[in-house]
Amino acid sequence: MSMTVGVFDSGFGGLTVLRAMLPLLPGTRFVYLGDTARLPYGSKSRATIARYAVSSVEFLQQQGADFLVIACNTASALALDEIRAAARVPVLGVVETGAAAAANVSKAKSVLVLGTAATIASHAYAHACSARGLHVVEQACPLLVPLVEEGWTDHHPVTATVVDLYLGQAQSLYAKGSEPDTLLLGCTHYPLLRAEFDRALAGRMTIVDSAGVTAARAAELLAPSPSAAPARCEFFVTDSPQQFQSLGSRFLGQPVENVQHVELPE
Ligand code: DGL
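Figured I'd write up the structure that's included with this text. None of the values given here were measured: they were computed from a predicted structure. (Residues numbered from 1 in each chain as written. Predicted model: local features only at pLDDT ≥ 70, side-chain atom pairs only at ≥ 80, totals over all residues. Heavy atoms only, no water.)

1. Side note on the overall build of the chain
In terms of regular secondary structure, the chain is built from 11 helices and 10 strands. The globule rule puts the C-alpha radius of gyration for 266 residues at 18 Å, and the 18 Å found for the chain is close to it. For the chain, the spread of C-alpha atoms along the principal axes amounts to about 55 × 40 × 35 Å. Each of the 266 residues in the chain was classed as buried or not, and the buried ones make up 56%. When contacts within the chain are restricted to residue pairs at least 6 apart in sequence, those whose partners lie at least 24 apart make up 75%. (Helix = DSSP H or I, 4+ residues; strand = E, 2+ residues; numbered from the N terminus. Rg over C-alpha atoms; globule rule 2.2 N^0.38 Å. Buried < 20%, exposed > 50% of the residue type's maximum accessible area, 1.4 Å probe, protein only. Contact = heavy atoms within 4.5 Å.)

As structure tokens, this is what we get:
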């Protein structure tokens, strides 16, 4: 019997985490839920995010998930305790894995974290990073999610300007000479802006992408048996399957098929 991994995100972004997991977990059945009717989570309150997240993971468990990956940084930052309390299977969130990876990479023990407004306001990354001995500067970047969803990712001048502005704002938060040497991408959408961050940073910081490190951690925990069978994916969304299919392929890096609509209880 193959393992079923449930992957939860507010919408499309979690496909970057799934994309990173697919080659690492062959033979696995992935059930992905994108709560597209209720996105974005990044501008919502803790109570609302927790309520949405709990109903979403309940659904993934009904689909047979043996293990849950909370791909959404906002849900991981604000609702992991509620999710764990509601879950009957192990739960992996992106915040702890991202912070652990940053602590491994940073020589200066200093990290800049970027995320949605809700993620940054929760200070979940700050706590997880401080607990690992890192000095942390946090910067909310609320405009980046809509820009990525608009498809303005490949050196688009507006996106380049916005990235520069946010990095400039972050720079004003640390003292001269104490620039962090590590940038932690604390949002599912930011891996699609990797080229933009590389350009803007020009090698000044090492980039840690919470999607990639979470996938690696999931593979470590689940220790997949080498299997010739490719991973299988089923997708569920709370809004239009067609829209998810067309927008999602950019996040997954391959066509998104098998998408079904689902109604979740409030
Ligand atoms: N998935 C969210 C995150 O990683 C970004 C999109 C949203 O705000 O819903 O924080």
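From this point, things continue past the structure.
2. Description of the side chain of Arg29
By secondary structure assignment, the location of Arg29 is in strand E2 (residues 29-34). Discounting chain neighbours no more than four positions away, the residues touching Arg29 are Ser2, Met3, Thr4, Val5, Gln63, Arg232 and Glu234.

3. Focus on the sheet that holds E2
Sheet architecture is open: 6 strands sit in the order E4-E3-E1-E2-E9-E10, paired in parallel fashion. Two strands in the sheet have a free side with no partner beyond their single neighbour: strand E4 (91-93) and strand E10 (259-261). If you compare each strand with its neighbour and ignore which way they point, the axes differ by 20° on average. Relative to E4, strand E3 (residues 67-70) runs parallel, the two sharing 3 bridges. Looking across to E4, one finds that Ile70 is bridged to Gly93. Against the sheet, helix H4 (residues 94-105) touches E3 and E4, its axis set at about 55° to E4. The strands touched by helix H10 (residues 210-222) within the sheet are strand E1 (4-9), E3 and E4, with E4 carrying the most contacts at an inclination of about 155°. (Pairing = 2+ DSSP bridges. Axes fitted to C-alpha atoms, helices over the stretch in contact; angles between N-to-C directions.)

4. Notes on the environment of Pro191
Topologically, Pro191 is positioned in the loop between strand E7 (182-186) and helix H9 (194-201). Spatially, the C-alpha atoms of Pro191 and Asp239 are 24 Å apart, while their sequence positions differ by 48 residues. What Pro191 contacts, discounting residues up to four positions off in sequence, is Thr16, Leu185, Asp209 and Ala211.

5. Considering the site of the ligand
Residues in close proximity to the ligand total 13 residues, the closest being Asp9, Ser10, Tyr41, Gly42 and Thr74. Note that an oxygen atom of the ligand is positioned 2.7 Å from one of the backbone N or O atoms of Tyr41. Between the ligand and the protein, one listed contact pairs an oxygen atom with a backbone N or O atom of Asn73 at 3.0 Å. Looking at the shell around the ligand residue by residue, the classes come out as 5 nonpolar, 7 polar and 1 charged. (Near = heavy atom within 4 Å. Polar contact = N/O pair within 3.5 Å; in protein donor to acceptor, adjacent residues only side chain to side chain. Nonpolar A, V, L, I, M, F, W, Y, C, P; charged D, E, K, R; others polar.)

6. What about the pattern of salt bridges?
Inspection of the entire model under this criterion finds 9 salt bridges. One salt bridge connects Glu96 with Arg132, and the closest N-O pair in it is separated by 3.0 Å. Taken together, the residues span a long stretch of sequence, with Glu96 in helix H4 and Arg132 in the loop between helix H6 (124-130) and strand E6 (135-140) at a distance of 36 residues. The exposure class assigned to Glu96 is partly exposed, which follows from its relative accessible area of 40%. A salt bridge links Arg204 to Glu179, with the nearest nitrogen and oxygen atoms 3.5 Å apart. Taken as a pair, Arg204 in the loop between H9 and strand E8 (206-209) and Glu179 in the loop between helix H8 (157-171) and E7 lie far apart in primary sequence, 25 residues in all. Residue classification places Arg204 among the partly exposed positions, given a relative accessible area of 42%. Glu179 gets classed as partly exposed once you look at its relative accessible area, which sits at 27%. Via salt bridges that share partners, Asp164, Glu196 and Arg199 belong to a single interconnected network. (Salt bridge = Lys/Arg side-chain N within 4 Å of Asp/Glu carboxyl O.)

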